[in-house]
Amino acid sequence: MIEPMQCIGYLVRFLAFCHLISFISFSTVEARTRHYDWEVNYEYKSPDCYKKLAITINGRTPGPTILAQQGDTIIVKLQNNLLTENVAIHWHGIRQIGTPWSDGTGGFTQCPIQPGEKLIYKFVVDRAGTYTYHGHYGMQREAGLYGTIIVLLPNGVSEPFSYDYDRNIILNDWYHKSSDEQATGLSSIPFVFVGEPQSLLINGKGKYNCSLLTTPGACNATNPQCSPHVLTVVPGKTYRLRIGSLTALSALSFEIEGHDITVVEADGSYVEPFVVRNLYIYSGETYSVLVKANQDPSRNYWITINVVSRKPATPTGLAIFNYYPNHPQKPPPTVPTTGPLWNDTTSRLAQSIALKARQGFIDTPPLTSDRAIVLLNTQNKIDGYYKWALNNLSLTFPTTPYLIALKENLTDAFDQNPPPDGYDFASYDIYRVAKNVNATSSNRIYRLRFNSTVDIILQNANTMTVNNSETHPWHLHGHEFWVLGYGMGKYNMSSDGKKYNLVNPIMKNTVPLHPYGWTALRFQANNPGVWAFHCHVESHFYMGMAVVFEEGIEKVGNLPSSIMGCGETKSYNRPRP
Ligand code: C2O
Ligand code: CU
């Protein structure tokens, strides 16, 4: 079958054909099962013209798009052909209701898949929207193991907005060092940070300036793998762009030169539409935006992504917004924008606050919560190693995955004491480098009462560098949460809760914590399983910036033995599927 999302051409006739296919394939059948056979490999790729090893799925990075309809069952047979590395893939934004063992989080919900082995992921996509998938073991995501999931509405249901064509844009940042080399630097003394990425990628394509290299052998500016992505548009038509970011580090600003962008969906929820010139997007977020091809059609325009929130040292990422019938590769006659000021936190905060649930589609939150957990986000040292911590605990993953340990009652697999629900509110100064930067390693988890309503308040602080606080995009597995509010400075326990938006808060699965600010979330602990909640910056997660929630473990069905075979479950038999 031809997938409509893969139909990217610049002939009108061809576009119309794709549209017809999509009509035929989604107007007939009820919920169905979609099978995918995926092989994961290392291959030489040149996404930004520089040749390096990348992790591919069936030869591609980004991997194939999963296109399904709400209610469908997805079955992915994942064959690990990496010679010396384990692998696991997470389905980001899919709640895994009833299948917590298919969440794909190595060390949390499964043993990673060993070289030469296979695992079958099976889950239902229960909610229409735009989602992603990516490696969730070590730092493999940034080696190129990622892609898009699109879930269409059930038959007979339509979107509350209209458009002519649907297109995907997946954003990433790209490093020339291997993820192993980066991970080793992060866990060494002296500490070696990954630094700013070499390139920004739009649909897996970027452009590194090969002449910067002393030995340019591995870099070839004319390699077709790094020709810019072209989005061809027909004058007068409206495009729904499904934009996802899976950057390792960078917060991005996305723009289409000269065109307004109307935001209509975020992480699978409808947004009360609002118009922007540039869209801020953080790692782990997805948006649908509408763009009308209503500018002078005699030329092409730049699609740009720029780094914000860190002092940029990476060139603008470029793609071409090509008006048919201009030549698709014809560069626009203008200089691409370098985006908004990188340190304009105010405008980023304002856009976060502008995101509200769409009238007519508001799922209102419970007005009160049963428990509030405040998480102080800090950069720390443990025995001289650089780490990130929450309430002074930095997560280390146990060798026995939490889901298995809890379900099988392996109480020695991790520290059974609860981590703290708060920090020293009264005396901690979030604007200063801490007097004592030392933290503690921990594999403790938060156990939530099943069906209770939980508030999380993320509190940002100064890093170990004077006058520095970073942006952390926080992602929750297994749920979506209501975004109740954002603020600057220290969260005030007696007054800020009164200012929560309980009327039309957006529901998301990833949300930014802005520098020196706080972000408040509410969710219902109603999905039996064990769920990671972590910063989506790959290096921060690797350095311990994560917590774990358990709820309703007694309601989790029998675990498939295929997820076992590591840690204390080594002796469990692990049949080959
Ligand atoms: Cu997209 Cu646990 O991450
Ligand atoms: Cu972070």
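Per an unreviewed UniProt entry, the recorded name for the protein chain is L-ascorbate oxidase, and the organism is Hevea brasiliensis. In UniProt, the protein chain has this text filed under Sequence similarities (unreviewed entry): "Belongs to the multicopper oxidase family."

**Q** I'd like to hear about the overall build of the protein chain, residue by residue, with values.
**A** Of the regular secondary structure elements, the protein chain holds five helices and 32 strands. For 577 residues, the compact-globule formula gives about 25 Å, and the C-alpha radius of gyration of the protein chain, at 23 Å, lands near that figure. Taken along its principal axes, the extent of the C-alpha atoms in the protein chain is 65 × 60 × 55 Å. Counting every position in the protein chain, which comprises 577 residues, the buried fraction comes to 60%. For the protein chain, contacts bridging at least 24 residues in sequence account for 79% of all contacts bridging at least 6.

**Q** Lay out the domain arrangement of the protein chain with the relevant residues and their values.
**A** With domains assigned, the protein chain is organised as domain 1 (4-72 + 125-354) and domain 2 (371-569). Centre-to-centre separation of domain 1 and domain 2, based on C-alpha positions: 28 Å. Contact with domain 1, which involves 37 residues of that partner, is made by 27 residues of domain 2. Taking both partners together, domain 1 and domain 2 bury about 2700 Å²; carbon and sulfur atoms supply 61% of that area. Our enumeration of links across domain 1 and domain 2 arrives at five salt bridges. A salt bridge links R310 to E470; the nearest nitrogen and oxygen atoms lie 3.4 Å apart. Elements with a minimum of two residues in the side of domain 1 that touches domain 2: α2 (179-186), β15 (269-276) and α3 (345-354). Sort the elements by how many residues they give to the side of domain 1 that touches domain 2 and α3 lands first, with five residues.

**Q** Before we move on, could you go through the side chain of T148 and cite the residues and values that matter?
**A** Tracing the chain through its elements places T148 in strand β8 (residues 146-152). Ignoring anything within four residues of it in the chain, the contact list for T148 reads P64, T65, I66, Y131, T132, Y133, N168 and I170.

**Q** Give me the lowdown on the state of the cysteines, citing residues and values where you can.
**A** For the structure on display, the rule yields three disulfides. Across the disulfide from C49 sits C226; the S-S distance is 2.0 Å. Classification of the bridge connecting C49 and C226 rests on its S-S torsion, roughly 100°, and on that basis the disulfide is right-handed. Here C226 lies in the loop between β10 (199-202) and β11 (230-233) and C49 lies in the loop between β1 (33-45) and β2 (52-57), a separation of 177 residues in the sequence.

**Q** I'd like to hear about the coordination of the copper ion (ligand 2), residue by residue, with values.
**A** Ligation of the copper ion (ligand 2) by protein atoms is provided by H472 (ND1), C535 (SG) and H540 (ND1), these donors lying 2.0 to 2.1 Å from the ion. Along the chain, the residues that donate to the copper ion (ligand 2) are spaced as H-x62-C-x4-H. Residue class for C535 comes out buried when judged on its relative accessible area of 0%.

**Q** Quick rundown of the environment of G236? Include the residues and the values.
**A** With respect to the helices and strands, G236 occurs in the loop between β11 and β12 (238-245). Along the sequence, G236 and P297 sit 61 residues apart, while their C-alpha atoms lie 9.2 Å from each other. Excluding its chain neighbours within four sequence positions, the residues that come into contact with G236 are K292 and A293.

**Q** Lay out α3 with the relevant residues and their values.
**A** Those residues of α3 that fall on the buried side of the exposure criterion are T345, R348, L349, Q351 and S352. With its buried residues spanning 160° around the axis, α3 presents them on a single face. Of the surrounding secondary structure, the elements contacted by the buried residues of α3 are β15, β16 (278-281), β18 (301-308), β27 (481-488) and β29 (510-513).

**Q** Explain the nonpolar core residue by residue, including any values.
**A** Nonpolar side chains tend toward joint burial in soluble globular proteins. Counting 69 residues, the largest nonpolar core has L241, F254, I456, F533 and F549 as its most contacted members. The dominant element in this core, judged by the number of residues it contributes, is β18, at four residues. When residues of this core are assigned to domains, at least three map to each of domain 1 (4-72 + 125-354) and domain 2 (371-569). Once residues within four sequence positions are removed from consideration, I456 is found in contact with I373, L375, T519, A520, L521, F523, F533 and F549. Residues V87, I113, Y121 and L145 belong to the second largest nonpolar core, which totals 51 residues.

**Q** Provide a residue-level description of the sheet that holds strand β19 (residues 317-323), including the pertinent values.
**A** Pairing within the open sheet is mixed, and its five strands lie in the order β11-β19-β18-β13-β16. This sheet does not close on itself; its edge strands, each paired only once, are β11 and β16. Adjacent strand axes in the sheet meet at a mean angle of 20° when their direction is disregarded. Sheet analysis places β18 next to β19, joined by five bridges and oriented antiparallel. Opposite I303, over in β19, you have A319 as the bridge partner. Packed onto the sheet, α3 meets β16 and β18 and runs at close to 85° relative to β16.

Each value, and the rule that gives it
Residues numbered from 1 in each chain as written. Chains lettered and ligands numbered in written order. Predicted model: local features only at pLDDT ≥ 70, side-chain atom pairs only at ≥ 80, totals over all residues. Heavy atoms only, no water. UniProt positions renumbered as here; feature names shortened; annotations may be inferred. Helix = DSSP H or I, 4+ residues; strand = E, 2+ residues; numbered from the N terminus. Rg over C-alpha atoms; globule rule 2.2 N^0.38 Å. Buried < 20%, exposed > 50% of the residue type's maximum accessible area, 1.4 Å probe, protein only. Contact = heavy atoms within 4.5 Å. Domains from an automatic or database assignment. Buried area = accessible area lost by both parts, 1.4 Å probe. Salt bridge = Lys/Arg side-chain N within 4 Å of Asp/Glu carboxyl O. Disulfide = S-S within 2.5 Å. Donors = N, O, S within 2.8 Å, 3.2 Å for Na, K, Ca; no water. Arc of directions from axis to C-beta. Core = buried A, V, L, I, M, F, W, Y, C linked by side-chain atoms within 4.5 Å. Pairing = 2+ DSSP bridges. Axes fitted to C-alpha atoms, helices over the stretch in contact; angles between N-to-C directions.

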